Structures are given as structure tokens and as C-alpha cells.
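Listed here are the chains, written in short residue letters.
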Amino acid sequence: MAGLDAFGTQLQRGDGATPTEGYSPIANVTEITPPGIERETYDTTAHDSEEGWREFIGGLKDGGEVEIEVNYDPREHDSLAADLADANPRSYKVVWPGTLGEWSFKAILTNFEPEAPHDDKLGASLTFKVSGKPVMTVGA
């Protein structure tokens with residue numbers, strides 16, 4: 001397979017309702033960088049490590065960050081800026097196109113940076129820090 005078309009991917013924001021949380025897509029998203037998950041390693045090399053090779057064990061895992069670029073519309077996006085004041089993680093999910101699945105996670109908005117260049121469109125960059133384990137649901 002040569003690849004899959006990314007067009008139609010969404011970042012959806014949870015409304016915090018219980019018992020069933022609803023999600024709404026964030027408007028006018030032009031680019032999404034999903035969580036870049038990683039794991040620390042701890043060096044366990046000792047003087048008697050076999051033939052002088054370094055040895056490691058797996059450490060803590062990190063859900064990474066999510067970054068989006070939007071065609072900025074204050075009427076649509078300024079409500080997201082209010083999330084900067086909230087210290088508690090909110091539910092989000094990246095929904096892949098068609099029936100490819102989704103990644104759901106809790107995250108804290110850490111950066112909201114609008115721009116208004118004199119020779120281009122209004123834009124904004126937003127960064128979300130993932131808190132805890134992202135859940136990857138495979139689609140059809």
C-alpha cells in the first residue's frame with residue numbers, strides 16, 4: 001500500500017459531561033501533529049556487563065504533545081484560550097479519516113499563539129500536553 005490520505009482528520013474536544021461525554025471538532029484545523037509517545041530508558045550497565053555492551057531497562061512512558069495549526073477565527077477559537085486557565089486535563093481525541101480509528105487522551109492546553117501577518121491569513125498554533133496513557137482504537 002502506498003499510503004493513506006490524511007484529509008478529514010479531526011481533533012475533537014470533550015465537553016466534560018458525565019456520564020457520557022460529547023465531543024466537538026475544533027474548527028478550521030489545517031494541520032495536526034498527534035501525540036508523539038515515547039519511553040525513557042535507564043542505563044543498567046555494570047562493570048560486568050557482557051563484553052562491555054551498555055544495558056538498559058524501560059522506564060516511564062510519556063504521552064507527548066499534540067500540536068495543531070488553525071485558520072484562526074476569534075469567534076471559534078478564543079473559547080479554547082480559556083482552557084489555559086484550567087489546570088485539569090480535558091478529554092480530546094484525534095479521529096482519523098473514514099473508519100481508520102481514533103486516539104483518545106487527556107491533555108492540558110499549554111500554548112495558544114495567534115498570528116496576524118500583514119500579507120497572509122489569520123492563523124494560530126496550539127499545543128496540548130498529554131496527561132496519562134493515550135488510547136488507540138483501531139478502525140476497520
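The preceding data block contains the structure.
The structure contained in this document is the topic of the report that follows. (Residues numbered from 1 in each chain as written. Predicted model: local features only at pLDDT ≥ 70, side-chain atom pairs only at ≥ 80, totals over all residues. Heavy atoms only, no water.)

### Section: the overall build of the chain
Broken down by element type, the chain carries one helix and nine strands. N-terminal to C-terminal, the α/β element order of the chain is β-β-β-β-β-β-α-β-β-β. A globule of 140 residues ought to have a C-alpha radius of gyration of about 14 Å, yet the chain, at 19 Å, is considerably larger. Summarising its shape, the C-alpha atoms of the chain cover approximately 65 × 40 × 40 Å along the three principal directions. (Helix = DSSP H or I, 4+ residues; strand = E, 2+ residues; numbered from the N terminus. Rg over C-alpha atoms; globule rule 2.2 N^0.38 Å.)

### Considerations on a negative patch on the surface
A cluster of like negative charges, contributed by Glu31, Glu65, Glu67, Glu69, Glu113, Glu115, Asp119 and Asp120, occupies part of the molecular surface. Counting residues per element, the ones that place at least two in the negative patch are β6 (65-71) and β8 (101-115). Here the negative patch takes three residues from β6, the largest share from any one element. Glu67 gets classed as partly exposed once you look at its relative accessible area, which sits at 39%. (Patch = residues over 30% accessible without salt bridge, like charges linked within 9 Å, V, L, I, M, F, W, Y side chains within 5 Å. Areas by Shrake-Rupley, 256 points an atom, 1.4 Å probe, with all protein chains shown as cover. Salt bridge = Lys/Arg side-chain N within 4 Å of Asp/Glu carboxyl O. Lys, Arg positive; Asp, Glu negative; His and termini not counted. Charge placed at Lys NZ, Arg CZ, Asp CG, Glu CD. Buried < 20%, exposed > 50% of the residue type's maximum accessible area, 1.4 Å probe, protein only.)

### Points about the nonpolar core
With 19 residues, the main nonpolar core has Leu11, Val66, Ile68, Tyr92, Phe105, Leu126 and Phe128 as its most contacted residues. For this core, the secondary-structure elements that each account for two or more residues are β6, β7 (90-95), β8 and β9 (123-138). The element contributing the most residues to this core is β8, with five residues. In contact with Leu11, other than residues within four places in its own chain, are Ser24, Pro25, Ile26, Ile32, Val66, Ile68, Tyr92, Lys93, Val94, Phe105 and Phe128. (Core = buried A, V, L, I, M, F, W, Y, C linked by side-chain atoms within 4.5 Å. Contact = heavy atoms within 4.5 Å.)

### Things to note about the side chain of Ser91
The residue Ser91 is located in strand β7 in this model. The class of Ser91 is buried, set by a relative accessible area of 5%. Setting aside residues no more than four positions away along its own chain, Ser91 makes contact with Gln12, Arg13, Gly14, Glu21, Tyr23, Phe105 and Lys106.

### Examining the sheet that holds β6
On the basis of which strands lie adjacent, the open sheet formed by seven strands has the order β2-β1-β7-β8-β9-β6-β3 and antiparallel pairing. The outermost strands of the open sheet, each flanked by one partner alone, are β2 (23-25) and β3 (29-33). Strand-to-strand twist in this sheet, taken as the mean axis angle between neighbours without regard to direction, amounts to 35 degrees. In terms of strand pairing, strand β1 (residues 10-14) meets β2 through three bridges, oriented antiparallel. (Pairing = 2+ DSSP bridges. Axes fitted to C-alpha atoms, helices over the stretch in contact; angles between N-to-C directions.)

### Focus on the pairing of strand β4 (residues 38-43)
Burial analysis of β4 places just zero of its six residues in the buried class, which makes it a mostly uncovered element. Judged from the five bridges that link them, β4 and strand β5 (residues 56-62) form a sheet pairing that is antiparallel. Among the inter-strand pairings, Thr41 is bridged to a residue of β5, identified as Gly58.

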